Amino acid sequence: MIFSFHIDYKTVFGEELALNVMDPASPESAKVVPCCMENSDGSRWACRMEVDDKTEATALDYFYSVQVNGCQRRHEWLAGRHRIELTARRAKAYTVYNHWTDIPADSYRYSSAFTECITRRAATSPEPSGYDRTVRLVVRAPQLLANHRLYVVGADSALGAWDVSRALPMAEHACNEWTVDVDASSLAGDRIELKFLAFETGCAGMPMWETGLNRTIELPEMAPGEVIVYDLPQAFFPLENVRLAGMLVPVFSLRSKQSFGVGDFGDLKRMIDFASAARMRVLQVLPVNDTTTTHTWTDSYPYSCISIFALHPQYVDLTQLPPLADGEARRRFETLRRELNELPQIDYERVNNAKTEYLRLLFEEQGAEVLKSAAFRAFFKESQQWLVPYARYCRLRDLYGTAEFSRWPDHNVWDEARRADLSNSRTRAFREVSFTYYVQFILDAQMKAVHDYARQRSVILKGDIPIGVSRHGCDVWMEPRYFNTDSQAGAPPDDFSVNGQNWGFPTYNWEAMLADDCAWWVRRFQHMARFFDAYRIDHVLGFFRIWEIPVEAVHGLLGHFSPALGMSREEIENYGLRFQEELFTVPFITDWVLDRVFHERAGEVKERCLIAAGEDRYRLKPEFDTQRKIEAAVERRKAELRTVVADAADLQQRLTELDNLRDGLYALVSDVLFVRDHRDPNRFHPRISVQFDFIYESLYDSDKTIFNRIYNDYYYRRNSQFWYGEAMKKLPRLVEATRMLVCAEDLGMVPECVPWVMDDLRILSLEIQSMPKDPKVRFGHLSRNPYRSVCTISSHDMPTLRQWWDENIWRTQDYYNTMLRYPGPAPHPLPGRLAADIVARHLASPSMLCVLSLQDWLSIDEHLRLPDPNAERINIPANPRHYWRYRMHVNIEDLMANQAFLGAVREMVLQAGRK
């Protein structure tokens, strides 16, 4: 068969178009057969290709790209690639007329969140046609809902002569793309007039017509056996935008009558039932990856995963597994389960120890049979790329008693040569790690079942992709080339943390990642698509630039954005500020600074920690010249005190004094005007928030003015275009890696280029009324939320609505009077009726998704919510050692049975016009 492809596309000098046909045996976009196209005027491109008549392929998938010197410069939107069904039985030649497809404004309708959960329709394959001459119509209609089917009707008798009862049904051969074959021999002329319409399935009512004028097509003369394919512009229908409501709750926070002291994947299924009953269509969770490094409560931090693929063993639902054969053991675990499940919060260590013990006992009884099963073999074959190194890492971590692989006596990096032994069930190496294989197999099966169940209930399961990974985790151990372990990722200061945040994660080596087309990230996103249909990119700003902190720092103040265009000495001086490197880049320590920081202990600090540096300034002694050294010294002194001070009150007082001393020394270390670039010693960055420090205070007023101009230019103008380019190197590849709906957390110190990228890639933003992106307002106007956004009241890092209400009474009073438009003083604590009003206003916003935390949903019911709002807090970002142990205080079963609350939520969602 001969295929002739035609497309109109205006190129510039040096550019040419290529047709990229995907290998039918491997429909991955990376495996394509390119075909250069020809043109006569720079805008009309064509090419011919031949396909064996005996091909077993039933369709051709392809896309167009722009090439420069044989290299791809850009390509069409891959999620909307073109398809030709090879269903015309008498076809000898296909002539195809396409148009270039960029990512459309409604690309979200092609995501699996919509096509598999919200507008899921039964698949319809095109019927084979036996026409001598065929006109094939192809059109996209992404607005259609689950109960719609597309038809075409036209003036010609072959198209029904405008009689809707004779309209031709179309087949949805790809997501939101419909096709139908028309017998060209039965057409009356060489011009056809048509229109698309939709009927509701099983409904004999009036059809819904596409908007706009009738469509016309001029047909060329056709030869026998010819199929002409017309790729027509999208059909638009008078349908409003879909708006959905949902809930955010960590899996570990779930509670049911069957739980084992922590939420699990069985509880997640139960929560899907609740969401569906409450007319919620989105259930968002925090990361569920394994975080085990110490086997202590410090592993409760869900954003510090040791593997981007492995699931956390604590989420296994033991009730879905066979019972233990030992009756005494069964009774012991049941007693323990009841005890742990009665606790108001999670006891991370006892829960995980108990579940691990249970799984080991079950593995001893049934593990051998499971590992022989076809289901396990299929899982192992699909997952072995990450599973084998992960299992080996877990074995060595526990063997050597630490996750810090640099301290292991051997095996400090993954050895690919060990894979064969670890994959062979007859070897000792396999047996040593087989328990880990077994646990991950169970977790994978349970989580996939949850995902399938969510789709059946038309609920979008939304996951969370952390920006970082544990520096002592398997990912860094396995592929160290992708990470900068000499630095730490974090965030600059904000309202929640005046010293910035130091997450401790290694930063990414983007040069290495981009060199292999972000393969590590693509694998990560594609693996996540096994379990979720939407995801939140945690700290999306990290794809533009990350806040990079020296490894010897504790706080985030000594960080700088990376990559960033650091400033040279000459650039700084061109502003009019004489750059004194020896003064501006070292801690500013004087007698008056010491008096202000340490008060009566200034002399002691000067004697023990400082050395005179001339000109009334001091420098820190070598043993105290970094925050990490100070931290270690203080911890050693604390350990000494705990062994010699018997009185508890006296000990606590001394420990507090040490903490104050430590924090003061930290402040001295970070009191610099400029931070030297971590990669280029001849480049400098204005230190973040330095206007609150002593070195800035010491400047002349004229120098302060100049510095402020440098500071503002650097942070708000200098890097915008550069950071746009950095993000566009990375994010397009990741967005197109899966069909999940992409949402992003774009809060914090947001460069002006972030909305440009978010809009280009159709990524949903996060809108929080108390954190407006418009600097001119104190509170965001909900009615101004963009449609492509997620609206919420609070995140897991923030106070809940009830906490926020009582946190600052003057701010609350302003919100009460100006935003809620109520007169008089604001009531405290927050009444349920007022909480319901705030929730209703958020639901009424234009945002596509309104996803509120479980705590904020519960706030509307004074009988149901916890008396103490502070007991509902999930995380405190300012505390890097926060214990993540919040659990909902009511069972999911009881929540489902509470018809008053369920009915109130359902009614609020319905009144807001959300589906």
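Bear in mind that the values here come from a model prediction, so they are computed numbers and not experimental data.

Chemist: Help me understand the overall build of the protein in this model?
Modeler: The secondary structure content of the protein amounts to 26 helices and 36 strands. Since a compact globule built from 915 residues should have a radius of gyration of about 29 Å, the 31 Å found for the protein is in line with a globular shape. Reported as C-alpha extents along the three principal axes, the dimensions of the protein are approximately 100 × 80 × 70 Å. Within the protein, the proportion of its 915 residues that are buried is 56%. Taking the intrachain contacts of the protein between residues at least 6 apart in sequence as the baseline, contacts between residues at least 24 apart amount to 73%. Of the roughly 39500 Å² of accessible surface on the protein, 51% is carried by carbon and sulfur atoms. When the 109 positive and 126 negative side-chain charges of the protein are each reduced to one mean point, those points stand 3 Å apart.

Chemist: Mind showing me how you'd approach the packing of aromatic side chains here?
Modeler: Given two aromatic rings, one states the distance between the centres and the angle between the planes to describe the pair. As enumerated under the stated definition, the model contains 69 aromatic pairs in all. Between Tyr301 and Tyr303, the aromatic rings sit 6.3 Å apart at their centres with planes inclined by 45°, giving tilted as the arrangement. Taking the relative accessible area as the measure of exposure, Tyr301 reaches 23% and is therefore partly exposed. Taken together through their ring pairs, the aromatic side chains of Trp547, Phe561, Phe579, Phe584, Phe674, Phe684, Tyr696, Phe707, Tyr711, Tyr714, Tyr715 and Trp723 make up a single cluster. Across from the ring centre of Tyr453, 5.4 Å away, lies the NZ or CZ of Lys269, which sits over that ring. The lysine or arginine in question, Arg360, covers the ring of Phe435, its NZ or CZ lying 4.1 Å from the ring centre.

Chemist: Please clarify how the sheet that holds strand S28 (residues 560-562) should be interpreted in this entry.
Modeler: Within a sheet, each strand pairs with its neighbour through backbone hydrogen bonds, oriented either parallel or antiparallel. Taken in spatial order, the 4 strands line up as S24-S23-S27-S28 in an open sheet, and their pairing is antiparallel. The sheet is open, and its two borders are formed by strand S24 (501-502) and S28, each paired with just one other strand. As paired strands, strand S23 (residues 487-491) and strand S27 (residues 546-550) are joined by 4 bridges and run antiparallel to one another. Looking across to S27, one finds that Ser487 is bridged to Pro550.

Chemist: Before we go on, may I ask you to explain the pairing of strand S7 (residues 71-75) in this structure?
Modeler: Looking down a regular strand, the side chains alternate between one sheet face and the other. In this sheet, S7 lies alongside strand S6 (residues 59-68) in antiparallel orientation, the contact comprising 4 bridges. Note that in S7 the partner of Val68 across the bridge is Cys71. The hairpin formed by S6 and S7 contains 2 residues between the paired strands, and Asn69 there has a positive phi angle of roughly 55°.

Chemist: Help me out: how do you make sense of the packing of helix H3 (residues 327-342) against helix H4 (residues 348-372) in this one?
Modeler: When two helices pack together, their arrangement is captured by the angle between the axes and the distance separating the axes. Two elements in contact, H3 and H4, have axes separated by 11 Å at closest approach and are oriented at 155°. It follows from the interaxial angle that H3 and H4 lie roughly antiparallel. Seen along the crossing, H3 lies across H4 with a hand that is left-handed. Contacts from Arg332, Phe333, Leu336, Glu339 and Leu340 in H3 reach Arg350, Val351, Ala354, Glu357, Tyr358 and Leu361 in H4. Of the residues assigned to the contact of H3 with H4, the class counts are 7 nonpolar, no polar and 4 charged.

Chemist: Would you mind going over the environment of Ser794 with me for this structure?
Modeler: Within the secondary structure, Ser794 sits in the loop between strand S35 (789-792) and helix H21 (801-807). Its relative accessible area of 2% is what places Ser794 among the buried residues. Each C-alpha atom, one on Ser794 and one on Gln855, is 9.5 Å from the other, the two residues being 61 residues apart in sequence. For Ser794, the residues in contact, after removing those within four places along its chain, are Pro799, Thr800, Leu801, Ser853 and Asp856. Only 2.7 Å separates the side chain of Ser794 from the side chain of Asp856, close enough to count as a polar contact.

Chemist: I tried to follow the side chain of Arg109 on my own but got confused; where do I start?
Modeler: Within the secondary structure, Arg109 is located in the loop between strand S9 (93-99) and helix H1 (112-118). Buried and unpaired, Arg109 has no salt bridge, with Asp106 as the nearest side chain of opposite charge at 4.3 Å. In terms of polar contacts, Arg109 uses its side chain to reach the side chain of Tyr108, at 3.4 Å. Those residues in contact with Arg109, other than ones at most four positions away along the chain, are Phe114, Thr115, Pro142, Gln143, Asn176, Glu240, Asn241 and Val242.

Chemist: How do you make sense of the side chain of Glu85 when you look at a structure like this?
Modeler: Structurally, the position occupied by Glu85 is in strand S8 (residues 82-85). The buried charged residue Glu85 lacks any salt bridge partner; its closest oppositely charged side chain belongs to Arg83, at an N-O distance of 4.1 Å. Apart from residues no more than four positions distant in its own chain, Glu85 is found in contact with Thr58, Ala59, Tyr94, Pro126, Arg136 and His173.

Chemist: What's the story with empty space enclosed by the protein in this structure? I'm lost.
Modeler: Where empty space is left can be seen by rolling a probe of water-molecule size over the atoms. Summed over the entire model, instances satisfying the criterion amount to 9 cavities of 30 Å³ or more. By volume, the largest cavity amounts to about 160 Å³. Taken together, 18 residues make up the lining of the largest cavity; nearest its centre are Gln284, Lys462, Arg536, Leu766 and Thr792. Secondary structure elements with two or more residues in the lining of the largest cavity: strand S21 (460-465), strand S33 (741-744), strand S34 (765-768) and S35. Class assignment of the residues belonging to the lining of the largest cavity gives a composition of 9 nonpolar, 6 polar and 3 charged.

Chemist: Which parts of the structure should I look at to understand the pattern of salt bridges?
Modeler: Opposite charge on two side chains permits pairing when their charged atoms draw close. Scanning the entire structure with this criterion turns up 63 salt bridges. Where Asp181 meets Arg136, a salt bridge forms, and the shortest distance between an N and an O atom there is 2.6 Å. Residue Asp181 is found in strand S14 (residues 177-183), and its partner Arg136 is found in strand S10 (residues 134-140); the two are separated by 45 residues along the sequence. A salt bridge links Arg350 to Glu339, with the shortest nitrogen-to-oxygen separation between them at 2.9 Å. With a gap of 11 residues between them, Arg350 in helix H4 and Glu339 in helix H3 connect regions that are remote in the sequence.

The rules behind each value
Residues numbered from 1 in each chain as written. Predicted model: local features only at pLDDT ≥ 70, side-chain atom pairs only at ≥ 80, totals over all residues. Heavy atoms only, no water. Helix = DSSP H or I, 4+ residues; strand = E, 2+ residues; numbered from the N terminus. Rg over C-alpha atoms; globule rule 2.2 N^0.38 Å. Buried < 20%, exposed > 50% of the residue type's maximum accessible area, 1.4 Å probe, protein only. Contact = heavy atoms within 4.5 Å. Areas by Shrake-Rupley, 256 points an atom, 1.4 Å probe, with all protein chains shown as cover. Lys, Arg positive; Asp, Glu negative; His and termini not counted. Charge placed at Lys NZ, Arg CZ, Asp CG, Glu CD. Phe/Tyr/Trp six-rings, centres within 6.5 Å; stacked < 30°, edge-to-face > 60°. Lys NZ or Arg CZ within 6 Å of the ring centre and 35° of its normal. Pairing = 2+ DSSP bridges. Axes fitted to C-alpha atoms, helices over the stretch in contact; angles between N-to-C directions. Parallel < 35°, antiparallel > 145°, perpendicular 65-115°, else oblique. Left-handed = near helix turned anticlockwise from the far one by under 90°. Nonpolar A, V, L, I, M, F, W, Y, C, P; charged D, E, K, R; others polar. Polar contact = N/O pair within 3.5 Å; in protein donor to acceptor, adjacent residues only side chain to side chain. Salt bridge = Lys/Arg side-chain N within 4 Å of Asp/Glu carboxyl O. 1 Å grid on protein atoms, 1.4 Å probe; cavity = no way out; pocket = protein on both sides within 12 Å on 5 of 7 lines; lining within 4 Å. Points joined across faces, edges and corners; volume = space filled by probe spheres on them.

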